[in-house]
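Survey of secondary and tertiary structure
Take a look at the letters that make up each chain.
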Amino acid sequence: MDRNINVLIVDDYRTMLRIIRNLLKQLDFNNVDEATDGQEALAKLRAGNFGLVISDWNMAPMTGLDLLKEVRADARLKNTPFIMITAESKTENVVAAKQAGVSNYIVKPFNAETLREKIEKVLVHA
């Protein structure tokens, strides 16, 4: 697993961005950028070269699900591994994310070990 890839984390809650960044650092992922909404994330993704997106579901004005749909519709970005983070474990949300092409799904709260497992699954199968 390549820990030197560029990772984009997306959350409108800055504390959560800091938590995820720290968890990634514990896992030796140091090339981390962040965005506070889906529009900013999409602009960064289109301008950069990211090997993984970790995005919150519940954001405004563009939700994580909308961001995922935009990424999957973009010819250059469509194969980017995408992990969705949410406080919602409702079946319909998981189904909607799967239908939109999510690579994996994490329900809050989570720890470094859970994050590592999910990242390994998506990067090994990417």
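Residues numbered from 1 in each chain as written. Predicted model: local features only at pLDDT ≥ 70, side-chain atom pairs only at ≥ 80, totals over all residues. Heavy atoms only, no water.

**Digging into the sheet that holds strand β2 (residues 32-35)**
Read across the open sheet, the five strands follow the order β2-β1-β3-β4-β5; overall the sheet is parallel. Of all the strands in the sheet, the pair left with one neighbour each is β2 and β5 (104-107). Averaged over all neighbouring strand pairs, the angle between strand axes comes to 20°, with direction disregarded. In this sheet, β5 lies alongside strand β4 (residues 82-86) in parallel orientation, the contact comprising four bridges. What sits directly across from I83, in β5, is N104. (Pairing = 2+ DSSP bridges. Helix = DSSP H or I, 4+ residues; strand = E, 2+ residues; numbered from the N terminus. Axes fitted to C-alpha atoms, helices over the stretch in contact; angles between N-to-C directions.)

**Let's talk about the pattern of salt bridges**
In this structure the tally under the stated criterion is eight salt bridges. A salt bridge links R46 to E70, with the shortest nitrogen-to-oxygen separation between them at 3.6 Å. Of this pair, R46 sits in helix α2 (residues 38-47) while E70 sits in helix α3 (residues 64-73), and the two are 24 residues apart along the sequence. With a shortest N-O distance of 3.3 Å, K108 and D56 are connected by a salt bridge. Here K108 is found in the loop between β5 and α5 (112-124), whereas its partner D56 is found in strand β3 (residues 52-56), with 52 residues between them in sequence. Judged by relative accessible area, K108 falls into the partly exposed class, the value being 27%. Connected through shared salt-bridge partners, D33, E40 and K44 make up one network. (Salt bridge = Lys/Arg side-chain N within 4 Å of Asp/Glu carboxyl O. Buried < 20%, exposed > 50% of the residue type's maximum accessible area, 1.4 Å probe, protein only.)

**Observations concerning α5**
In this model α5 runs 18 Å from its N-terminal to its C-terminal C-alpha over 13 residues, within 8% of the 18 Å that 1.5 Å per residue would give. Restricting attention to buried positions, one finds in α5 the residues A112, L115, I119, V122 and L123. Buried positions in α5, seen along its axis, are confined to an arc of 100° and lie on one side of it. Its buried side turned inward, α5 meets α1 (14-26), β3, β4 and β5. Where α5 begins, the side chain of N111 points an oxygen toward the backbone nitrogen of E113, at a separation of 3.2 Å. (Expected span 1.5 Å × (residues − 1). Arc of directions from axis to C-beta. Contact = heavy atoms within 4.5 Å. Polar contact = N/O pair within 3.5 Å; in protein donor to acceptor, adjacent residues only side chain to side chain.)

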